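# Architecture and fold: a report
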Amino acid sequence: MPKHRPIILEGLLLLDGRQLVLRMPDGGQWRLLALGKHERLLGSTVRVEGVREGHDVVAVEKMGLA
């Protein structure tokens with residue numbers, strides 16, 4: 001799949017060490033590159049809009065409750 005492709009995802013926002021991850025309903029997982037404070041969203045189902053940066057990495061442009 002080409003890099004830098006727009007993507008929209010919905011899943012459970014978790015913290016793995018210091019890395020934000022998005023756990024998908026099918027069990028898949030995405031690593032998120034996000035600026036700002038997202039602690040209030042941890043443990044919630046969120047909608048992420050961004051750009052795919054690699055195999056399992058998304059550079060987040062917008063994130064909010066789903």
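Details of the structure are given in the entry above.
Note that the structure is a prediction, hence the values are computed from the model and not measured.

If you walk through the whole model with that rule in mind, you get three salt bridges. The salt bridge partner of D56 is R31, with a shortest N-O separation of 3.1 Å. Separated by 25 residues along the polypeptide, D56 in the loop between β4 (45–52) and β5 (57–65) and R31 in strand β3 (residues 29–33) bring together distant segments of the chain. When its relative accessible area of 37% is taken as the criterion, R31 is described as partly exposed.

In this section: the pairing of strand β2 (residues 19–23). Direction of pairing for strand β1 (residues 5–16) relative to β2: antiparallel, over a ladder of five bridges. Paired with L14 across the bridge in β2 is V21. In this antiparallel pair of consecutive strands, β1 and β2, the connection spans two residues, and G17 shows a positive phi of 70 degrees. The antiparallel pairing of β2 with β3 creates a hairpin that spans five residues between the two strands, and G27 there sits at a positive phi of about 95 degrees.

Sheet strands pair via backbone hydrogen bonds, and the direction of the pair is either parallel or antiparallel. Read around the closed barrel, the five strands follow the order β1-β2-β3-β5-β4; overall the barrel is mixed. On average, each strand axis in the sheet is inclined to that of its neighbour by 55 degrees, with strand direction left out of account. Of the pairings in the sheet, the one linking β2 to β3 comprises four bridges and is antiparallel in character. If you follow L20 over to β3, its bridge partner there is L32.

Reading guide: rules and limits
Residues numbered from 1 in each chain as written. Predicted model: local features only at pLDDT ≥ 70, side-chain atom pairs only at ≥ 80, totals over all residues. Heavy atoms only, no water. Salt bridge = Lys/Arg side-chain N within 4 Å of Asp/Glu carboxyl O. Helix = DSSP H or I, 4+ residues; strand = E, 2+ residues; numbered from the N terminus. Buried < 20%, exposed > 50% of the residue type's maximum accessible area, 1.4 Å probe, protein only. Pairing = 2+ DSSP bridges. Axes fitted to C-alpha atoms, helices over the stretch in contact; angles between N-to-C directions.

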